[in-house]
Structure formats: structure tokens, C-alpha cells
Amino acid sequence: MTSRDQSPEEHAGQRPEAHDLGLSHDLPTLLSRRRAFGLAGAAGLAAALAACSSASDSSTGSAGSTGAGPGAGPGGPPGGGPGGGSNVQVGDGEIPEETNGPYPADGTNGANVLTESGIVRADLRSSFGDGSAVAGGVPLTFALTVVDVSGSDDAGKPAAGAAVYAWHCDREGRYSMYDDQISGENYLRGVQEADANGTVTFTSIFPACYSGRWPHIHFEVYPSLADATSASNRMRTSQLAFPEDVCRQVYASDGYQASVANLAKVSLDSDNVFSDGYSLQMAKLSGSVDQGYRATLRVPI
């Protein structure tokens, strides 16, 4: 599968000012805990990194609880332009390469939260630095297990020491740092380092279904925590999909009213990202609206 360049997400926003000294200031402490990450040896890692060159996405459509972000106009508002594409070659059995959309905040279209101090965290619900808002919604914990399948072992090798940057919209269908109403916030974004099993775990809220897109979470995989400061270092960009039955249960709860109508207008087969196949991107869910949900996904690269 190849990267798709269409995304119907659309918001307005300003890039918040950088604060503190950035992730590079935090790394001496963080890296004392970091394990080396090999992608089937040095040759495999070099090949993967060489494949990660940026291209451009084109994005149209709208997001938000009403199907258009606040202030959205024809052609899309400022600050919500195309993110960076990729020409990564994806092998059989690997998770598909996807667009990072117009709201990645990874430096590909201006804003870069990856360089900010505080981005390495497990709990994504609150903003950090100059932001103060906390995202409300049905509790969600999601765990991504990154597996290197480039070697001869069919089961793959846990990508211990890899880093994952994850981000998604809030209960109202807005993306922090881009939407007019929350352009000064950076919640629902964060980076984690994979443990010995190749797993990263985030605490968050269940994202909305906004107009034109199936409910999803964006993520980028990096060779190491040190590399997770620039999108040019990413090895894979993909998206996690949610099962329909769980979405319907969540969207029947308070605060997700707009998602009910939006979900009724889209399907996995019509979604511009998942329509060509989603078997490797569909998360396994357990839990309930009252107790919160846990989502898991294996990420073979």
C-alpha cells in the first residue's frame, strides 16, 4: 500500500510560541533510560532512514463538530495546510504508510511540537508549557507495539528503544495547535519510548468522528527518542482505526452528539485512508463507556 495524499481535515490556528529549552534539553536525562534500537542491524536501519524523504500532501474538506472548523473557509484556513508525505517502501505484512494529514505539528507544515520540553509523556489529556486546557471525553488507553519484521524471523523482533509520536482530535473534532478555539493548546499529542517489548502506552480520550473521516489516531515511528525531534527521521507514518460498534457506544454518551451524525455519513470502505484495506490498522478494544476503553495495535515495520 502507498501513502494517500487526500485528507478531509480542516482547521484554522496559529503556531504557539516555543517554551523552555525544548526536547534537546531534556534528552540527557531521557536518554539514560533509552535502549539502542536496531532495524535488523545497521544496514536495515540505514535503508529505512534513507527511504524517509518528504513529499507534499494535498488536503481538502473539513473537521470539527459541525463538519467545519471554526473560521474555516473555501480552500482551508491558514495553519491547516498539507503535512509532509513520504515515499517509504512498505513490505508485505507491514503496517501501511499513510498521510500525516494537515495537523501533525511535526514540523512538516510549520508547527513542531516535537522540539518542545514536555512532549515526552504518557498522559496526553492536558496541555503542557504555556497551555492549560484538559481534553474531556470517554477515557482511552492505547498501546502500540512496534515490531521489526525486516529480518528472517516471521514473528518479528520487538523494536525496543524506538519512539512513537501520537496525536488525534478531541471530543469536538478539533486538533490542538491548529483550530482557532484551541490554537494555544497542545493536548492530545505526545511521544513515548518503546519498552523491551516494543510497546508504548498512552492515556487519552476517545476521539470524535468529524465530517468525512472514520475515527482514527495518527502516529509516527522513529528509530529512537533522540530522532523524534524532526519528521525527517520518521520510519513510518500510519493511522489506527476504531471498530464501529465501540464508536457507536462511545458516541451515545454526553459530548459526542455531533459524532453520531458524522459517523452515519462515513464508512471504513468509503474513508479515503482506510478504504483500500485496514486489517493491519484496526485496533482491538476492550472496556466500557463507564470504565473507559483500552485499545491495542501491533505495528509491524
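Here is a short report on the structure shown in this document. Counting restarts for each chain: residues are numbered from 1 in the order of the written sequence. Whole-chain, interface and lining totals are the exception, using all residues; otherwise, since this is a predicted model, local features are given only for residues with pLDDT of at least 70 and side-chain atom pairs are given and counted only at 80 or more. To obtain the side-chain values, all non-hydrogen atoms of the structure were included, while hydrogens and water were left out.

**Quick word on the pairing of strand β8 (residues 216-222)**
Burial analysis of β8 places seven of its seven residues in the buried class, which makes it a mostly covered element. Each residue is assigned to one of three classes by its accessible area relative to the maximum for its type, calculated with a 1.4 Å probe on protein chains only: buried under 20%, partly exposed between the two thresholds, exposed over 50%. Under the DSSP-based scheme used, a helix requires at least four consecutive residues in state H or I and a strand at least two consecutive residues in state E, with every element numbered from the N terminus. The alternating pattern of β8 places His216, His218, Glu220 and Tyr222 on one face and Ile217, Phe219 and Val221 on the opposite face, and all of these are buried. Pairing analysis gives five bridges linking strand β5 (residues 163-167) to β8, with the strands arranged antiparallel. Note on β8: the bridge partner recorded for tyrosine 165 is glutamate 220. Here a strand pair is declared whenever DSSP counts at least two bridges between the two strands. Pairing of β8 with strand β9 (residues 236-241) involves six bridges; the strand directions are antiparallel. Looking across to β9, one finds that histidine 218 is bridged to glutamine 239.

**Observations concerning the side chain of aspartate 148**
Turning to its location among the elements, aspartate 148 is positioned in strand β3 (residues 139-148). One buried charge, aspartate 148, has no salt-bridge partner; the nearest side chain with opposite charge is lysine 157, at 5.8 Å. Contacts described as polar in this section are N or O atom pairs within 3.5 Å, which, within protein, must combine one atom able to donate a hydrogen with one able to accept it, while residues neighboring in sequence count only if both atoms come from side chains. Of the polar contacts made by the side chain of aspartate 148, one reaches the side chain of serine 150; its length is 2.6 Å. Charged-residue counts in this description rest on Lys and Arg as positive and Asp and Glu as negative, His and the chain ends being excluded. Any Lys or Arg side-chain nitrogen found within 4 Å of a carboxyl oxygen on Asp or Glu counts as a salt bridge.

**Comments concerning the packing of aromatic side chains**
Two aromatic rings, drawn from Phe, Tyr or Trp (for Trp, its six-membered ring), form a pair once their centres lie within 6.5 Å of each other, and the interplanar angle then sorts them: stacked below 30 degrees, edge-to-face above 60, tilted otherwise. This structure, assessed with the given rule, holds nine aromatic pairs. With a centroid separation of 4.5 Å and 45° between ring planes, the pair formed by phenylalanine 206 and phenylalanine 242 is classed as tilted. Here the residue phenylalanine 206 occupies a position in the loop between β7 (199-205) and β8, and phenylalanine 242 occupies one in the loop between β9 and α3 (244-251), the gap between them amounting to 36 residues. The residues phenylalanine 206 and phenylalanine 242 share a single accessibility class, namely buried.

**Focus on the nonpolar core**
The nonpolar core is taken to be a set of buried Ala, Val, Leu, Ile, Met, Phe, Trp, Tyr and Cys residues, with the residues joined through side-chain atoms within 4.5 Å. Counting 45 residues, the largest nonpolar core has Phe142, Leu144, Phe206, Phe219 and Val299 as its most contacted members. Elements with a minimum of two residues in this core: β3, β5, β7, β8, β9, α3 and β11 (292-300). Should any heavy atoms of two residues lie within 4.5 Å, those residues are considered in contact. Each residue touching valine 299, except ones within four places of it in the same chain, is listed here: Ile95, Leu144, Thr145, Val146, Val147, Phe219 and Val221. Counting 21 residues, the second largest nonpolar core, distinct from the first, contains Leu114, Ala163, Tyr175 and Ala208.

**Describing the environment of alanine 226**
Topologically, alanine 226 is positioned in the loop between β8 and β9. Overall, the relative accessible area of 29% leaves alanine 226 in the partly exposed class.

**What about the side chain of histidine 218?**
Tracing the chain through its elements places histidine 218 in strand β8. Judged by relative accessible area, histidine 218 falls into the buried class, the value being 1%. There is a polar contact of 3.2 Å between the side chain of histidine 218 and the side chain of histidine 216.

**Focus on the packing of α3 against helix α4 (residues 257-264)**
Helices that pack against each other are described as a pair by the angle of their axes relative to one another and the distance between those axes. Between α3 and α4, the least distance of the axes is 8 Å, while the angle of their chain directions is 150°. As judged from the angle between their axes, α3 and α4 are roughly antiparallel. Of the residues in α4, those in contact with Cys247, Arg248 and Tyr251 of α3 are Ser259, Val260 and Leu263. A per-class count over the contact of α3 with α4 returns four nonpolar, one polar and one charged. All axes here are fitted lines through C-alpha atoms, helices being fitted over the stretch that makes contact, and every angle between N-to-C directions spans 0 to 180 degrees. Orientation categories follow fixed angle ranges, with anything under 35 degrees roughly parallel, anything over 145 roughly antiparallel, 65 to 115 roughly perpendicular, and all other angles oblique. Under this grouping Gly is polar, as are all residues other than the nonpolar Ala, Val, Leu, Ile, Met, Phe, Trp, Tyr, Cys and Pro and the charged Asp, Glu, Lys and Arg.

**Some thoughts on α3**
All buried positions along α3 are accounted for by Val246, Cys247, Val250 and Tyr251. Along α3, the residues classed as buried sweep out an arc of 125° about the axis, all on the same side. Of the surrounding secondary structure, the elements contacted by the buried residues of α3 are α4, β10 (284-288) and β11. Note that the arc is defined by the directions from the helix axis to the C-beta atoms.

**Structural notes on the pattern of salt bridges**
All chains considered together, the criterion is met by ten salt bridges. Between glutamate 244 and arginine 248 there is a salt bridge, with its nearest N and O atoms 2.6 Å apart. Residue glutamate 244 and its partner arginine 248 are both found in helix α3; the two are separated by four residues, about one turn of the helix. Overall, the relative accessible area of 45% leaves arginine 248 in the partly exposed class. Ionic contacts of the salt-bridge type, sharing partners, join the residues Asp170, Arg171, Glu172 and Arg174 into one network.

**Some remarks on the sheet that holds β9**
Taken together, the four strands give an open sheet; going across it, the order is β6-β5-β8-β9, and neighbouring strands pair in antiparallel fashion. The open sheet is flanked by β6 (189-193) and β9, the only strands paired with a single partner. Strand-to-strand twist of the sheet, defined as the mean angle between neighbouring strand axes without regard to direction, takes the value 25°.

**Details of the pairing of β9**
Burial within β9 is extensive, with six of its six residues counted as buried. Going residue by residue along β9, you find Arg236, Ser238 and Leu240 tucked away on one face and Thr237, Gln239 and Ala241 tucked away on the opposite face as well.

So yeah, pure geometry; function would need other evidence.
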